[in-house]
Amino acid sequence: MNSTTNFFKSIRFRIALVFVLLMIIALELLGAFFVRQIERQNLTTFQQQIALPKYVTDQITTALKKKDSNEGNHEIQDILSSLNNTNLQEAQVVDKTGTIRGTLSVSGQQTIGQKTTDLNAQKAIAGEQSFLKSRTVNENNERKELLTTTLGSNNGRGKDIVGVLVVKASLAPVYKNIDSVMRLFVIAGILALMVSIALALFLARTLTRPIEQIDEQTTKIANGDYSMVNHIYGSDELGHLAQSVNELSTRVEESTETVNAERNRLDSVLTHMADGVLAANRRGEVTIINQAAADFVGVDRDAAIGQNVIELLQLKGKRMLRDMLENLDDFRVDLSDDSKDLLVQAYVSLIKRQSGFISGLVVVLHNITEQQRIDAERRMFVSNVSHELRTPLTSVRSYVDALAEGAINDPEMAHNFLGVVQNETQRMIRMINDLLELSRLDQGTMAVKLEVINLNSLFNFVLNRFDMIIENDAKNTETPNKNYSIQREFTSEDVWVEVDPDKFTQVLDNIMNNAVKYSPDGGVITARLIKTKTRAILSISDQGLGIPKKDLNNIFNRFFRVDKSRSRAQGGTGLGLAISKEVVEKFNGRIWVDSVENQGSTFYISLAYVDDAELQEADWDAE
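Here the residue numbers are simple positions, counted from 1 along each chain's written sequence. The predicted origin of the model limits local features to residues at a pLDDT of at least 70 and limits the giving and counting of side-chain atom pairs to 80 or more, whereas totals for whole chains, interfaces and linings rest on all residues. Each side-chain value is derived from all of the structure's non-hydrogen atoms; neither hydrogens nor water enter the calculation.

Undergrad: Looking at this structure, I do not really get the overall build of the protein. What am I missing?
TA: We count a stretch as a helix when DSSP gives it H or I for four or more residues in a row; a strand needs E for two or more, and each element gets its number in order from the N terminus. A tally of helices and strands in the protein yields 18 helices and 17 strands. Whether a residue is buried, partly exposed or exposed follows from its accessible area with a 1.4 Å probe, protein chains only, as a fraction of its type maximum: under 20%, in between, or over 50%, in that order. Taken over 623 residues, the protein has a buried fraction of 36%. Of all intrachain contacts in the protein linking residues separated by at least 6 positions in sequence, the fraction that spans at least 24 positions is 60%. Taken as a whole, the protein presents about 37700 Å² of accessible surface, with 53% of it coming from carbon and sulfur. We call two residues contacting when some pair of their heavy atoms lies within 4.5 Å. Working definition of accessibility: Shrake-Rupley area with a 1.4 Å probe, residue cover restricted to the visible protein chains.

Undergrad: Sorry if this is basic, but what is going on with the sheet that holds strand S8 (residues 331-334) here?
TA: Backbone-to-backbone hydrogen bonds pair the strands of a sheet. The strands run either parallel or antiparallel. What makes two strands pair is DSSP finding at least two bridges between them. Strand order in the open sheet formed by five strands is S7-S6-S10-S9-S8, and the pairing between neighbours is antiparallel. Looking at which strands have only one partner, the edges of the open sheet turn out to be strand S7 (286-289) and S8. Taking each pair of neighbouring strands and ignoring which way they run, the sheet shows an average axis angle of 30°. Where strand S9 (residues 343-352) and strand S10 (residues 358-367) come together, nine bridges link them in antiparallel fashion. Among the inter-strand pairings, Ile351 is bridged to a residue of S10, identified as Gly360. In this description, a line fitted to the C-alpha atoms serves as the axis of each element, helices being fitted only across the stretch in contact, and the angle between N-to-C directions of two axes falls anywhere from 0 to 180 degrees.

Undergrad: Can you help me understand the nonpolar core in this one?
TA: Nonpolar side chains in soluble globular proteins tend to end up buried together. Leu455, Phe459, Val497, Phe504, Leu538 and Ile605 are the most contacted members of the largest nonpolar core, which has 43 residues in total. Those residues within four positions of Ile605 in sequence are excluded, and the remaining contacts are Phe504, Val507, Leu508, Ile511, Ala536, Ile537, Leu538, Val584, Arg590 and Ile591. Take the buried Ala, Val, Leu, Ile, Met, Phe, Trp, Tyr and Cys residues and link them wherever side-chain atoms come within 4.5 Å; each set so joined is a nonpolar core. Membership of the second largest hydrophobic core comes to 27 residues, among which are Leu278, Ala280, Leu315 and Leu342.

Undergrad: Before we go on, may I ask you to explain the pattern of salt bridges in this structure?
TA: Close approach of charged atoms lets side chains of opposite charge pair. Salt bridges are defined as contacts in which a side-chain nitrogen from Lys or Arg sits within 4 Å of a carboxyl oxygen from Asp or Glu. All told, the structure shown has twelve salt bridges when counted by the stated rule. The residue Glu71 makes a salt bridge to Lys66 at a minimum N-O spacing of 3.4 Å. With a relative accessible area of 39%, Glu71 lands in the partly exposed category. You can call Lys66 partly exposed: its relative accessible area is 29%. The closest approach of N and O atoms between Glu75 and Lys66, which form a salt bridge, is 1.9 Å. One salt-bridge network, in which partners are shared between bridges, spans Lys66, Glu71 and Glu75.

Undergrad: Sorry, what's going on with the pairing of strand S17 (residues 600-608) here?
TA: Every regular strand shows the same layout, with side chains that alternate between the two sheet faces. The buried count for S17 comes to seven of nine residues, which makes it a mostly enclosed element. In terms of strand pairing, strand S15 (residues 535-541) meets S17 through seven bridges, oriented antiparallel. When the bridges of S17 are listed, Leu538 appears paired with Ile605. Two strands pair when backbone bridges link them, and strand S16 (residues 590-596) and S17 are joined in this way by seven bridges, in the antiparallel orientation. Of the residues in S17, the one forming a bridge with Arg590 is Ser606. The turn linking S16 back onto S17 is made up of three residues, and Asn598 within it adopts a positive phi angle of 70°.

Undergrad: What's the story with the environment of Asp521 in this structure? I'm lost.
TA: Tracing the chain through its elements places Asp521 in the loop between helix H15 (501-518) and strand S14 (523-531). A sequence separation of 23 residues divides Asp521 from Gly544, and the C-alpha atoms of the two residues are 9.4 Å apart.

Undergrad: Looking at this structure, I do not really get the packing of helix H3 (residues 54-65) against helix H4 (residues 69-81). What am I missing?
TA: A pair of packed helices can be characterised by two numbers: the angle between their axes and the separation between those axes. Running from N to C, H3 and H4 cross one another at 165°; their axes reach a closest spacing of 8 Å. Taken together, H3 and H4 sit at an angle that is classed as roughly antiparallel. For the crossing formed where H3 meets H4, the hand is left-handed. Touching Val56, Gln59, Ile60, Ala63 and Leu64 of H3 are Gly72, Glu75, Ile76, Ile79 and Leu80, all from H4. Residue type decides the class: Asp, Glu, Lys and Arg count as charged, Ala, Val, Leu, Ile, Met, Phe, Trp, Tyr, Cys and Pro as nonpolar, and the leftover types, Gly among them, as polar. Its residues assigned to classes, the contact of H3 with H4 shows seven nonpolar, two polar and one charged. Roughly parallel means an angle under 35 degrees; roughly antiparallel means over 145; roughly perpendicular covers 65 to 115; every other angle is labelled oblique. What makes a crossing left-handed is the near helix being turned counterclockwise from the far one by less than a right angle; a clockwise turn instead makes it right-handed.

Undergrad: Which parts of the structure should I look at to understand the sheet that holds S14?
TA: Spatially, five strands are ordered S12-S14-S15-S17-S16 in an open sheet, and the strand pairing comes out mixed. Every other strand in the sheet has two partners, leaving strand S12 (484-490) and S16 as the edge strands with one partner each. Taken over all neighbouring pairs, the strand axes of this sheet differ in orientation by 15° on average, direction set aside. Pairing of S14 with S15, which is carried by six bridges, proceeds in the antiparallel orientation.

Undergrad: Teacher, can you tell me more about the environment of Phe185 here?
TA: Relative to the elements of secondary structure, Phe185 occurs in helix H6 (residues 172-222). The residues contacting Phe185, other than those within four sequence positions of it, are Leu27, Leu30, Gly31 and Phe34.

Undergrad: Which parts of the structure should I look at to understand the side chain of Thr505?
TA: Here Thr505 lies in helix H15. Classification of Thr505 by relative accessible area gives buried; the value is 13%. Setting aside residues up to four positions removed in sequence, Thr505 forms contacts with Leu458, Val462 and Arg465.

Undergrad: Whenever I open this one, the pairing of strand S6 (residues 276-281) confuses me. Can you help?
TA: Most of S6 is tucked away: six of the six residues are buried. On S6, burial covers both faces: Gly276, Leu278 and Ala280 on one face and Val277, Ala279 and Asn281 on the other are all buried. In this structure, S6 lies alongside S10, joined through six bridges in antiparallel fashion. When the sheet's bridge partners are listed, Val277 is paired in S10 with Val364. Bridge analysis of S6 against S7 gives three bridges, and the strand direction is antiparallel. In the sheet register, Ala279 faces S7, and the bridge partner there is Ile288. Here S6 folds back onto S7 in antiparallel fashion, the turn holding four residues, of which Gly284 has a positive phi close to 85°.

Undergrad: Explanation requested: H3 in the structure shown.
TA: An α-helix turns once every 3.6 residues. As a result, residues three or four positions apart point the same way. The span one expects for a helix is its residue count, reduced by one, times 1.5 Å. Here H3 is twelve residues long and its end C-alpha atoms lie 16 Å apart, about the 16 Å a rise of 1.5 Å per residue gives. Restricting attention to buried positions, one finds in H3 the residues Val56, Thr57, Ile60, Thr61, Ala63 and Leu64. Axial view of H3: buried residues confined to an arc of 160°, hence all on one face. Among the exposed residues of H3, those pointing more than 90 degrees away from its buried face are Lys54, Tyr55 and Lys65. Of the surrounding elements, those touching the buried residues of H3 are H4, strand S1 (88-95), strand S2 (100-103), strand S4 (143-152) and strand S5 (161-170). Here the arc refers to the directions that run from the helix axis out to each C-beta atom.

This is the structure:
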């Protein structure tokens with residue numbers, strides 16, 4: 001049904017319809033003219049056939065002029081009876097007085113001698129016209145031809161007219177012949193119309209087929225398919241149009257490929273950019289946004305399209321769109337929330353047409369959170385280093401000034417002052433060495449000698465040294481020290497890891513020293529070593545004051561101390577845990593801490609261990 005409806009709406013149907021209508025109109029006009037001409041010609045011929053010869057009319061005129069009317073009537077009747085014209089139905093002779101003098105039909109013999117009632121005959125006798133032709137239809141729907149002819153001379157006044165000859169003939173044969181011709185014409189017209197319809201559809205198909213192909217091709221071009229090529233049927237206008245559409249398809253395909261390539265290149269650049277990029281129109285509605293910008297503002301890319309750039313960047317009440325269009329100075333946007341800290345620098349540029357009309361803007365978002373953090377850490381680092389160095393230097397200067405002012409003359413006092421100066425100097429040396437080691441770690445220039453070692457043995461070696469320190473402190477009764485004990489909980493399996501033994505020993509020393517410093521008198525330090533499927537995890541737990549929850553994320557920062565006064569009193573630099581973190585990460589490990597205030601702290605170190613198969617392969621290679 002739909003295809004039928006489309007056919008009647010198509011240009012093919014319209015062309016065929018116009019062609020057929022023109023053919024029908026032409027046939028109608030030609031038929032009307034042709035039938036009219038046939039009718040006129042046949043009527044003229046018929047009139048000539050029913051008209052009596054002049055010699056007959058002359059004989060009838062002579063008979064009318066005779067004085068003896070009976071003799072004249074007999075001659076007239078003989079003349080009419082001798083007529084051999086099958087077309088005649090009736091022939092009457094009327095004298096100038098209007099009396100019927102003779103008739104051809106047998107039924108009309110009784111009218112001889114009576115006055116005629118024929119108006120045409122009466123008018124002809126009166127001299128109004130020489131003859132009158134008229135076609136009439138009788139009561140039986142039969143067409144007849146009536147021909148009235150005056151007899152005698154007619155000078156216009158009717159004085160020389162001796163009578164009138166009235167001839168009647170049936171037109172049935174004439175119109176029968178015309179009907180036959182008409183039927184033939186109708187049949188021929190129907191055949192011609194059918195042929196014209198078929199020809200019109202064929203010609204319409206011929207004309208519309210290139211147009212349909214062009215329409216199909218343009219539809220495919222609109223849908224992005226450029227594979228179709230139109231066949232050129234000729235060098236006419238449609239052929240030129242098809243050639244132009246083929247060239248257009250090629251140009252559009254090339255342009256589309258270029259645009260798509262540029263768009264893909266731009267999308268690739270925008271997608272892999274670390275900076276966020278978004279574009280908006282004059283109304284501030286976002287039209288383009290890359291993934292980095294979507295991550296910055298915390299929305300989906302598709303959801304961000306159409307949103308207002310001011311609301312998306314959380315600038316409502318701080319900055320208006322007009323300000324961004326008129327003032328191109330960069331500004332900072334704080335996009336932090338409960339889950340993250342995020343500070344970005346926004347750079348604005350306008351999108352202008354060649355006419356200078358501003359059609360939109362582009363905003364580039366550069367993440368400066370890390371930069372700000374690094375700058376803050378740098379400032380804090382400089383401040384901490386200055387502070388940490390100033391304290392021992394101030395102490396050294398004070399004691400040196402005291403010695404210079406005379407304390408050097410007191411041997412006991414001088415000895416004590418020099419001891420303090422020596423301790424503070426050692427403290428500054430340790431701090432500078434730690435700073436140098438951190439610098440080498442940051443720059444990647446620290447020498448690392450990786451070896452596959454038995455972690456059980458190395459851990460026990462470090463703990464044994466601290467056990468020895470405990471024994472020595474217990475023997476020294478003059479300077480009593482803190483009393484504590486070390487408890488071991490090791491796996492029975494050997495755990496082999498690939499580390500630098502000296503550097504890792506330093507890490508364990510740092511953690512153990514902190515555990516000893518912050519453990520209460522009589523406390524227990526628990527050292528554990530376990531082995532999981534893929535990792536070796538060692539931990540050191542103390543029973544000290546613990547670390548506040550707010551300080552857990554900062555415990556591995558440089559110069560950070562939870563108890564600053566106590567740490568400084570015990571000679572700490574605040575760099576040990578920072579160095580430990582850097583060293584462990586150098587070995588692809590991880591270090592972290594769990595702590596509860598007033599319950600102690602536990603430091604964990606996770607390292608990837610070497611399995612037995614790899615260890616045996618390494619031993620075989622060594623051999």
